[in-house]
Amino acid sequence: MTLNKLNEDFYLQSCLKAAKSLIGKVLVRKRGSKLYSGVIIETEAYLGDKDPASHSFKGRTRRNEHMFGRGGTAYVYFTYGNHYCVNAVIGKPGVAHAVLIRAVEPVTGIKSMKKNRGIDNIYELCSGPGKLTQAMEINGELNGASLLGNEIYITIPEVLRNHKIIKTKRIGITKNADVLYRFIDSESPFVSRVNYRRILIAQQEKNSKSNYRK
DNA sequence: TTGCGGATGGACT
DNA sequence: GTCCATCCGCAAC
């Protein structure tokens, strides 16, 4: 698995391409003797100073400083008093773009994930940005860690599946909320906010039909 | 289906 | 000091 680790070049492509391309890749987290992994099935792109929803829109602060780091850095932040979220920093140093990993399909370490989350339903283990960090023991200690290292990294799976990728509006934000910067495997039962997803797909179908009539 | 409590840190006044 | 943030779970409706 380690042989297929994504290299630095991957993290230097455009943020939207990277966000889409990360669907189907495998997020790996090692902590001591524990190993966790899961197939990424939901991401969101945050485009730095061009994107009011991005933490880095207003410039560099102590909180977001790692977003300005080299592509291939992990940006882990704490929010709402109880959740961590994990991002892959994209682009050259100074370009504060990042991809938020919103959901994964659990593969390795499921037993520990259930223990960490305190629940048994596999569909609820990693189906949200705050859930997957809790399940995989990802916390503030990893903020600024290299995704080219051994504690946390992303690999190409040995068996590639055919993911049906669609893009939708992002979740849980108010600024610049209309752009389609969220990518999901629309056939996966492991995505976050399932009801939300149905609504968004229905809206898209409605829109494409009305456009077609014109 | 909606609404709110949780519990922390950074930006801003 | 206040506000609110890339959210989750659960209680009440």
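Now for a quick tour of the structure. (Residues numbered from 1 in each chain as written. Chains lettered and ligands numbered in written order. Predicted model: local features only at pLDDT ≥ 70, side-chain atom pairs only at ≥ 80, totals over all residues. Heavy atoms only, no water.)

Quick look at the protein's contact with DNA strand C
Thinking step 1. Around DNA strand C sit 18 residues, and of these H55, Y77, L100, R117 and G172 come closest.
Thinking step 2. Close to the protein, within 4 Å, the atoms of DNA strand C belong to sugar or phosphate groups at a rate of 56%.
Thinking step 3. Between DNA strand C and the protein, one listed contact pairs a phosphate oxygen with a side-chain N or O atom of R117 at 2.7 Å.
Thinking step 4. G130 has a polar backbone atom sitting 3.4 Å from a phosphate oxygen of DNA strand C.
Thinking step 5. If one sorts the elements of the surface near DNA strand C by residue count, helix α3 (residues 129-135) sits on top with three residues.
Thinking step 6. Class assignment of the residues belonging to the surface near DNA strand C gives a composition of eight nonpolar, seven polar and three charged. (Near = heavy atom within 4 Å. Polar contact = N/O pair within 3.5 Å; in protein donor to acceptor, adjacent residues only side chain to side chain. Helix = DSSP H or I, 4+ residues; strand = E, 2+ residues; numbered from the N terminus. Nonpolar A, V, L, I, M, F, W, Y, C, P; charged D, E, K, R; others polar.)

Remarks on the layout of surface pockets
Thinking step 1. Taken as a whole, the largest pocket holds about 900 Å³ of empty space.
Thinking step 2. Residue lining of the largest pocket: 37 residues in total, with Y77, T79, Y80, C85 and G172 positioned closest to the centre.
Thinking step 3. For the lining of the largest pocket, the secondary-structure elements that each account for two or more residues are β3 (74-79), β4 (83-90), β5 (97-108) and α3.
Thinking step 4. Split by residue class, the lining of the largest pocket holds 15 nonpolar, 14 polar and eight charged. (1 Å grid on protein atoms, 1.4 Å probe; cavity = no way out; pocket = protein on both sides within 12 Å on 5 of 7 lines; lining within 4 Å. Points joined across faces, edges and corners; volume = space filled by probe spheres on them.)

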